Amino acid sequence: MSTASTASPAFELEFERPLTALERQIAQLEAQSDTEGYDISAEVRQLRANHTAMLKKIYASISPANVVKVARAPGRPQAIDYIRSFVKDFCELHGDRHFGDDRAIISGFGRVGPHKCMVIATHKGKDTRERIACNFGCAHPEGYRKALLKMKLAEKFNLPIVSFIDTPGAYPGVGAEERGQAEAIAVNLREMSRLRVPIVSVVIGEGGSGGALGIGVADKAAMMQYAWYSVISPEGCAAILWKAADPVSVAKAAEALKLTAQDNLKLGTVDHIIDEPLGGAHRNPATASDKIEKWITTALRDLKRFKVDNLIAKRYQRLRKLGQVGGE
Amino acid sequence: MSQSPSASSQGVPPTAASLAQQYPPDAPAPRTLAQLTEAGKRSEVPEGLWMRCPSCEAMVYRKNIEQNLNVCTECDHHFRIGADERVEQLCDPGSFEPMWEDLTPLDLLSFVDLKPYSERLRGESKKTGHRDAVLCGKAFVKGRGVVLAAMDSRFMMGSMGCVVGEKITRTIELAIETDLPLIIVSCSGGARMQESTLSLMQMSKTSAALARLDSEGGLFISVLADPTTGGVTASFAMLGDVILAEPKALIGFAGPRVIANTVRQDLPEGFQRSEHLQEKGFVDRIVHRKDLRSEISRIIDYAGK
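Residues numbered from 1 in each chain as written. Chains lettered and ligands numbered in written order. Predicted model: local features only at pLDDT ≥ 70, side-chain atom pairs only at ≥ 80, totals over all residues. Heavy atoms only, no water.

Peer 1: So, the overall build of chain B: which residues are in play, and what are the values?
Peer 2: The helix and strand tally for chain B stands at 11 helices and 10 strands. When the 305 residues of chain B are sorted by exposure, 58% land in the buried category. Element-wise, carbon and sulfur atoms account for 50% of the exposed surface of chain B, whose accessible area totals about 12000 Å². (Helix = DSSP H or I, 4+ residues; strand = E, 2+ residues; numbered from the N terminus. Buried < 20%, exposed > 50% of the residue type's maximum accessible area, 1.4 Å probe, protein only. Areas by Shrake-Rupley, 256 points an atom, 1.4 Å probe, with all protein chains shown as cover.)

Peer 1: Could you give an account of the sheet that holds strand S9 (residues 242-245) of chain B, naming the residues involved and the relevant values?
Peer 2: Residue and element names in this part refer to chain B. Here seven strands make up an open sheet; going across it, the order is S3-S5-S6-S7-S8-S9-S10 and the pairing mixed. Each of the sheet's edge strands pairs with one partner strand only, and the pair in question is strand S3 (97-99) and strand S10 (285-286). Pairing of S9 with S10 involves two bridges; the strand directions are parallel. Within the sheet, the bridge partner assigned to Leu-244 lies in S10 and is Arg-285. The sheet strands contacting helix H11 (residues 292-303) are strand S5 (134-141), strand S6 (144-151), strand S7 (182-188), strand S8 (220-228), S9 and S10, and the helix crosses S8 at an angle near 150 degrees. (Pairing = 2+ DSSP bridges. Contact = heavy atoms within 4.5 Å. Axes fitted to C-alpha atoms, helices over the stretch in contact; angles between N-to-C directions.)

Peer 1: Explain the domain arrangement of chain A to me, using residue names and the numbers behind them.
Peer 2: Residue and element names in this part refer to chain A. Taken as a whole, chain A is organised into domain 1 (18-61) and domain 2 (69-321). Each of domain 1 and domain 2 has a C-alpha centre, and the two are 36 Å apart. Facing seven residues of domain 1, the contacting portion of domain 2 comprises seven residues. For the domain 1 and domain 2 pair, buried surface summed over both sides reaches about 510 Å², with 69% attributable to carbon and sulfur atoms. (Domains from an automatic or database assignment. Buried area = accessible area lost by both parts, 1.4 Å probe.)

Peer 1: Quick rundown of the domain arrangement of chain B? Include the residues and the values.
Peer 2: All names here are of chain B. Along its sequence, chain B is carved into domain 1 (46-79) and domain 2 (80-302). Spacing between the C-alpha centres of domain 1 and domain 2 amounts to 24 Å. Taken residue by residue, the interface counts six residues in domain 1 and nine residues in domain 2. Summed over both partners, the interface of domain 1 with domain 2 buries about 710 Å², with 51% contributed by carbon and sulfur atoms. If you sort the residues of domain 1 by the area they bury against domain 2, Leu-69, His-78 and Phe-79 come out on top, with a joint share of 74%. At the boundary of domain 1 with domain 2, the tally comes to zero salt bridges. For the pair domain 1 and domain 2, the number of links is seven residue pairs in polar contact (both at pLDDT 80 or more). Its residues placed into classes, the side of domain 1 that touches domain 2 shows three nonpolar, two polar and one charged. (Salt bridge = Lys/Arg side-chain N within 4 Å of Asp/Glu carboxyl O. Polar contact = N/O pair within 3.5 Å; in protein donor to acceptor, adjacent residues only side chain to side chain. Nonpolar A, V, L, I, M, F, W, Y, C, P; charged D, E, K, R; others polar.)

Peer 1: Help me get a handle on the confidence of the model for chain A, residues and values and all.
Peer 2: Per-residue confidence for chain A gives a mean pLDDT of 93; residues scoring 70 or more make up 97%. Low pLDDT, under 50, characterises residues 1-5 of chain A; the stretch is placed with 11 contacts to residues that sit more than four places away or in other chains. (pLDDT = per-residue confidence, 0-100.)

Peer 1: Which residues make up the nonpolar core, and what values do they have?
Peer 2: Side chains of nonpolar character tend, in soluble globular proteins, to be buried together. Counting residues in hydrophobic clusters, the biggest one holds 145 residues, and the most contacted among them are Phe-164, Met-224, Ile-292 and Ile-296 of chain A. Other than its neighbours up to four places away in sequence, Phe-164 of chain A contacts Ala-79, Ile-83, Phe-86, Val-119, Ile-120, Ala-121, Thr-122, Val-202, Ile-204, Ile-215, Ile-292 and Ile-296 of chain A. By size, the runner-up hydrophobic cluster in this structure holds 23 residues, among which are Ala-83, Phe-96, Val-141 and Ile-221 of chain B. (Core = buried A, V, L, I, M, F, W, Y, C linked by side-chain atoms within 4.5 Å.)

Peer 1: Explain the side chain of Ser-199 of chain B residue by residue, including any values.
Peer 2: By the element assignment, Ser-199 of chain B lies in helix H7 (residues 196-215). Overall, Ser-199 of chain B belongs to the buried group, its relative accessible area being 0%. Those residues in contact with Ser-199 of chain B that sit more than four places away from it in its chain are Val-231 of chain A together with Met-160, Gly-161, Ala-191 and Arg-192 of chain B.

Peer 1: Give me the lowdown on the packing of aromatic side chains, citing residues and values where you can.
Peer 2: Summed over the entire model, instances satisfying the criterion amount to four aromatic pairs over all chains. Seen from their ring centres, Trp-50 of chain B and Tyr-61 of chain B are 5.2 Å apart, and the 45 degrees between their planes marks the pair as tilted. On the criterion of sequence distance, the pair formed by Trp-50 of chain B in strand S1 (residues 50-52) and Tyr-61 of chain B in strand S2 (residues 59-61) is long-range, its members being 11 residues apart. In textbook terms, an aromatic cluster arises when at least three aromatic residues are bridged by ring pairs, as seen for Phe-15, Tyr-59 and Tyr-226 of chain A. Here the basic side chain of Arg-212 of chain B rests over the ring of Tyr-316 of chain A, its NZ or CZ set 3.6 Å away from the ring centre. (Phe/Tyr/Trp six-rings, centres within 6.5 Å; stacked < 30°, edge-to-face > 60°. Lys NZ or Arg CZ within 6 Å of the ring centre and 35° of its normal.)

Peer 1: Please give an account of a nonpolar patch on the surface that cites residues and values.
Peer 2: Residues and elements named next belong to chain B. On the surface, a cluster of nonpolar side chains totalling about 440 Å² of accessible area is made up of Leu-49, Trp-50, Met-59 and Tyr-61. Mapped onto the secondary structure, Leu-49 falls in the loop between helix H2 (33-40) and S1. With a relative accessible area of 59%, Leu-49 lands in the exposed category. (Patch = residues over 30% accessible without salt bridge, like charges linked within 9 Å, V, L, I, M, F, W, Y side chains within 5 Å.)

Peer 1: Describe the interface of chain B and chain A, with residues and values.
Peer 2: Opposite the 61 residues of chain B that make contact, chain A presents 50 residues. For the pair chain B and chain A, the summed buried surface comes to about 4800 Å²; carbon and sulfur atoms form 67% of the total. Connecting chain B to chain A are three salt bridges. Of the charged contacts, one joins Glu-173 of chain B and Arg-320 of chain A as a salt bridge, the two residues approaching to 2.8 Å between their closest N and O atoms. When contributions to the side of chain B that touches chain A are tallied by element, the ones reaching two or more residues are helix H6 (162-178), H7, helix H9 (256-263) and helix H10 (274-280) of chain B. Here the side of chain B that touches chain A takes 18 residues from H7 of chain B, the largest share from any one element. Tallied by class, residues from the side of chain B that touches chain A come to 31 nonpolar, 20 polar and 10 charged. Taken together, the two bridges between strand S9 (residues 325-326) of chain A and strand S4 (residues 104-105) of chain B define a ladder with antiparallel strand orientation.

Peer 1: Account for the environment of Gly-143 of chain B, naming residues and giving values.
Peer 2: Residue placement: Gly-143 of chain B occurs in the loop between S5 and S6. Once the C-alpha coordinates of Gly-143 of chain B and Ile-299 of chain B are considered, the two residues, 156 residues apart in sequence, prove to be 14 Å apart.

Okay, structure coming up:
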């Protein structure tokens, strides 16, 4: 039983509330045993077991709306945490050489396992100041162009591309529109489909629509167990379809959109689910990080076996077959 | 050029008998091109002998507007038109051969909003005479052979689900196969929510097909009509070798309301309209509906296609 899963996160998810009382009790007992020297290890062990059982139960039947909450949890590891944890010798490269350096996109050389690669990621920011600078992970056109410029650099030097996705969506603002948000994403979709190096992508938190897909076209795509990936956020969907913003409508939209990792695997929009530690990646970032590293390393090893023309043909077939229609 | 296995046999328009067999019994019966064209004449122009133009507010005689390509005779306001009417306006008379009309959307997610998606589809189908929001096929424009896709904003706001994505992709693949110029007339609210991530994937699918067309040296003329937004703009619509737009069409990624809510300020005058996009460098030419045929033809000629 790892202590990591009972450690109370710095924030509280509403649906995890039954756990918080237990966590407080455990912390209290531990503090007492430290200061007063009682041996209460048996009680603590019992409480921990209860805690684990409750955690398992809560997460076994987690609703899509709550998955969205976990994916957005402020303490959930972000791409930058995974980069710091397993991308060795990360060499960040800034800017799109036309307009600026969008902080919502991180890009640079790095090594994952034995593979030298180009890492592309959306970045939400770790504190308020950074979050504002990154627009909470919503990239502007210059961000998508920055990503493409670095990906073309990778192609030139035959480096595979690793993309981490965690964005509510592309930024919907006046400047973003005037600088061609739609064009920037469209060009990325077209160019990524024909880049002559392997591409793997992982949705680590939020996979918000075109903003996510704009760096997400891949040979192999994975999703973390409690990430979401959809054509629109549940809030956006509820606002359009029910003209509503209440939690019940949003939960209904989350359900209807089939946005969980399981649903996306079933639809074929991702190829693999990376399991998260019990209670989500935020309770045990090290384990989550190991699992992502392992998947990327293996996926890149497999993809590097293909001749480049076959790789591109296979990528096209993967994109081509997505979607089902009737009447044939 | 490698094709999806199913696409190669799709070159032949389906027979009425095969259509009738596959079609759900409560949907309208398949129709001939003449009937389609008739349906297309029912545009978004409100019923009645006289009508008020929403742009200049003049009272105009409806028949005059219809005879004027559904453009206001007073102020040149371009009314939205259905795909059938678009095809009729653009193509040489009788030259359009519709393809893949038998493709039908599936309710894979059992999506229910105000009503079940399947029911919504039946309603839209009855209203428009089509099974989804795009009409594709081969045609001639001023004697030049083209492959054409025309989106239909009357069908669920022209939103792109799997059928629209698949038909657009097949149209692109047909352009590659035949080396004919590709023309896509877009008017769409974006990716269709009711097919969720699968709709999203139609963006990468169509864009990947356009990468192939581009690599093969094919010509793609993208025509943007009111409105072109969301996932359609952020995929094929913005990838034209030449991008034409009808006057004052709404063109953008995010909708104006979403942007206004985000930035909490009034949007600039004419924001996200064709003229604004041309000024910002994202549209090559703004073309009046009456000139669309000749503009397309001369671009085809310049490209030597």
